[in-house]
Amino acid sequence: MQNIIKKIKSIKSYGLKNGKRNFVDYNKERKVKERKNKTKKRVQYYYAIDNDFIKKNNEIPNKYENKIMQGDCLNILKDIPDNTIDLIFTSPPYNFGLDYKNSQDEHYWDDYFKKLFEIFNECIRVLKWSGRIIVNIQPLFSDYIPSHHIISKYFIDKKLIWKGEILWEKNNYNCKYTAWGSWKSPSSPYLKYTWEFLEIFLKGDLKKIGDKTNIDITDSEFKEWVNAKWNIAPERDMNKFGHPAMFPEKLAERVLKLFSFKNDIILDPFNGAGTTTIVAKKLNRRYLGIDISQEYCKIAEKRLKGEL
Ligand SMILES: C[S@@+](CC[C@H](N)C(=O)[O-])C[C@H]1O[C@@H](n2cnc3c(N)ncnc32)[C@H](O)[C@@H]1O
């Protein structure tokens, strides 16, 4: 509790009066005067305002509810009706040359993005009005391809609202660096990274449609998780699940509790060993997980049955 109070005191736009939290007057606190009028002049979400998304949401057909489906997600997504999914959380193959069962992870970058964007087009279509897509991305720094920026630009061009970015601090090096680039010389030093990104996009509206009685995030979780740097260790049990690139359950738990309601329908089109779907089940959300590999789908099913 002491820590929370200390943290709140350090946030400038809050005040504490008799131990209770209250807002400090916005205009007094901020140096910018007439902030609202000035914001209006800049026209908020200017790139997203002229979208032509349909506002009518639909129920997901039964055959997709609480299912793991094997196949190329592009083909499977094409059959899913418009505006049926509340939230997509996914980590696509990063084009690192990883050894996935049943799919190549090494393409020319143009081909990689072409296919990925065809899949994301379908993802946007199946998302409900006010639905969210959250993509976990780790750029391949050694190729100097800023995938997180390229993917974000794609969603912005498609008129989704960029909600923000979470920095997932894994506290371990993403690659086994054996070299420093130009050792002790400014000519070409290598930069090292211990984190990945979560890019968050919204379809049509900042506010998600949902029933208040279906909120399950606690006060302390909310306060901690809106700080957009998340310290979460990487998945340590990848050998057990037989998958080379999983994210940990803790990451999916935070995403689902912070950005979705209970009973929402959650999709992961690159479901791998099924981390998103097992967390969705544990948190009383409905789920659909798709992966191209039969083997990974079987693992995801086993996790759902509690056999792994
Ligand atoms: C980074 S992994 C996802 C891991 C997952 N987040 C987890 O925790 O297990 C990407 C997955 O995408 C799958 N994949 C690759 N191309 C695909 C496609 N066209 N359709 C569906 N799945 C695909 C791979 O088999 C791999 O399991």
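Our subject is the structure listed above.
Right, let's walk through the structure included here. (Residues numbered from 1 in each chain as written. Predicted model: local features only at pLDDT ≥ 70, side-chain atom pairs only at ≥ 80, totals over all residues. Heavy atoms only, no water.)

**What to know about the site of the ligand**
Working step 1: Lining the immediate environment of the ligand, one finds 23 residues, of which Cys73, His243, Ala273, Thr275 and Asp291 sit closest.
Working step 2: At a separation of 3.2 Å, an oxygen atom of the ligand approaches a polar backbone atom of Phe247.
Working step 3: Here Thr275 contributes a side-chain N or O atom positioned 2.6 Å from an oxygen atom of the ligand.
Working step 4: Within the complex, the protein chains bury 97% of what would otherwise be the 610 Å² of accessible surface of the ligand.
Working step 5: Within the shell around the ligand, the residues separate by chemical class into 12 nonpolar, 8 polar and 3 charged. (Near = heavy atom within 4 Å. Polar contact = N/O pair within 3.5 Å; in protein donor to acceptor, adjacent residues only side chain to side chain. Areas by Shrake-Rupley, 256 points an atom, 1.4 Å probe, with all protein chains shown as cover. Nonpolar A, V, L, I, M, F, W, Y, C, P; charged D, E, K, R; others polar.)

**Here's the deal with the pairing of strand E9 (residues 265-268)**
Working step 1: Residues Ile265 and Leu267 of E9 are buried on one face, and the alternating residues Ile266 and Asp268, pointing to the opposite face, are buried as well.
Working step 2: Relative to E9, strand E4 (residues 85-90) is paired through 2 bridges, and the arrangement is parallel. Considered in E9, the bridge of Ile88 is made with Leu267.
Working step 3: As paired strands, E9 and strand E10 (residues 286-291) are joined by 4 bridges and run parallel to one another. (Buried < 20%, exposed > 50% of the residue type's maximum accessible area, 1.4 Å probe, protein only. Helix = DSSP H or I, 4+ residues; strand = E, 2+ residues; numbered from the N terminus. Pairing = 2+ DSSP bridges.)

**Focus: the pattern of salt bridges**
Pairing is possible between side chains that carry opposite charge, provided their charged atoms lie close to one another.
Working step 1: Tallied over the full model, the rule gives 16 salt bridges.
Working step 2: Between Asp82 and Arg125 there is a salt bridge, and its shortest N-O distance comes to 2.7 Å. Of this pair, Asp82 sits in the loop between helix H4 (73-78) and E4 while Arg125 sits in helix H5 (residues 109-126), and the two are 43 residues apart along the sequence.
Working step 3: Residue Asp82 is classed as partly exposed on the basis of its relative accessible area of 31%.
Working step 4: Here Arg285 makes a salt bridge to Asp216, at a shortest N to O gap of 2.5 Å. (Salt bridge = Lys/Arg side-chain N within 4 Å of Asp/Glu carboxyl O.)

**Describing the environment of Phe113**
Working step 1: Tracing the chain through its elements places Phe113 in helix H5.
Working step 2: Remark: the alpha-carbon pair of Phe113 and Ser147, spanning 34 residues in sequence, is separated by 8.9 Å.

**Notes on the environment of Gly131**
Working step 1: Tracing the chain through its elements places Gly131 in strand E5 (residues 127-137).
Working step 2: Residue class for Gly131 comes out buried when judged on its relative accessible area of 1%.
Working step 3: Between the C-alpha atoms of Gly131 and Phe259, which are 128 residues apart in sequence, the distance is 9.4 Å.
Working step 4: Beyond its immediate sequence surroundings of up to four residues, Gly131 is in contact with Asp86, Phe201, Leu202 and Lys203. (Contact = heavy atoms within 4.5 Å.)

**Overview of the sheet that holds strand E3 (residues 67-70)**
Working step 1: Taken together, 8 strands build an open sheet; the order of strands is E3-E10-E9-E4-E5-E7-E6-E8 and the sheet is mixed. Edge positions in the open sheet fall to E3 and strand E8 (229-231), since each of these has one partner strand only. Adjacent strand axes in the sheet meet at a mean angle of 20 degrees, parallel and antiparallel pairs treated alike.
Working step 2: Where strand E6 (residues 161-169) and E8 come together, 3 bridges link them in parallel fashion. (Axes fitted to C-alpha atoms, helices over the stretch in contact; angles between N-to-C directions.)

**A closer look at helix H6 (residues 147-157)**
In an α-helix, one full turn covers 3.6 residues, which means residues spaced three or four apart are oriented alike.
Working step 1: Within H6, the full set of buried residues consists of Ser147, His148, Ile151, Ser152, Tyr154 and Phe155. Axial view of H6: buried residues confined to an arc of 155 degrees, hence all on one face.
Working step 2: Structurally, H6 contributes buried residues whose contacts are with H5, E5, E6 and strand E7 (195-202).
Working step 3: The first or second residue beyond H6 is Lys159, which carries a positive phi of 75 degrees. (Arc of directions from axis to C-beta.)

**What about the side chain of Asp86?**
Working step 1: You can see Asp86 is positioned in strand E4.
Working step 2: For Asp86, the side chain forms a polar contact with the side chain of Lys128, separated by 3.1 Å.
Working step 3: Once residues lying within four places of it in the same chain are set aside, the contact partners of Asp86 are Leu127, Lys128, Gly131, Arg132, Lys208, Asp264 and Ile265.

**Re the side chain of Arg303**
Working step 1: Positionally, Arg303 belongs in helix H11 (residues 294-304).
Working step 2: Of the polar contacts made by the side chain of Arg303, one reaches the side chain of Thr275; its length is 3.2 Å.
Working step 3: Ignoring sequence-local partners within four residues, the contact set of Arg303 consists of Phe241, Met246, Glu249, Ala273, Gly274, Thr275, Ile278 and Leu308.

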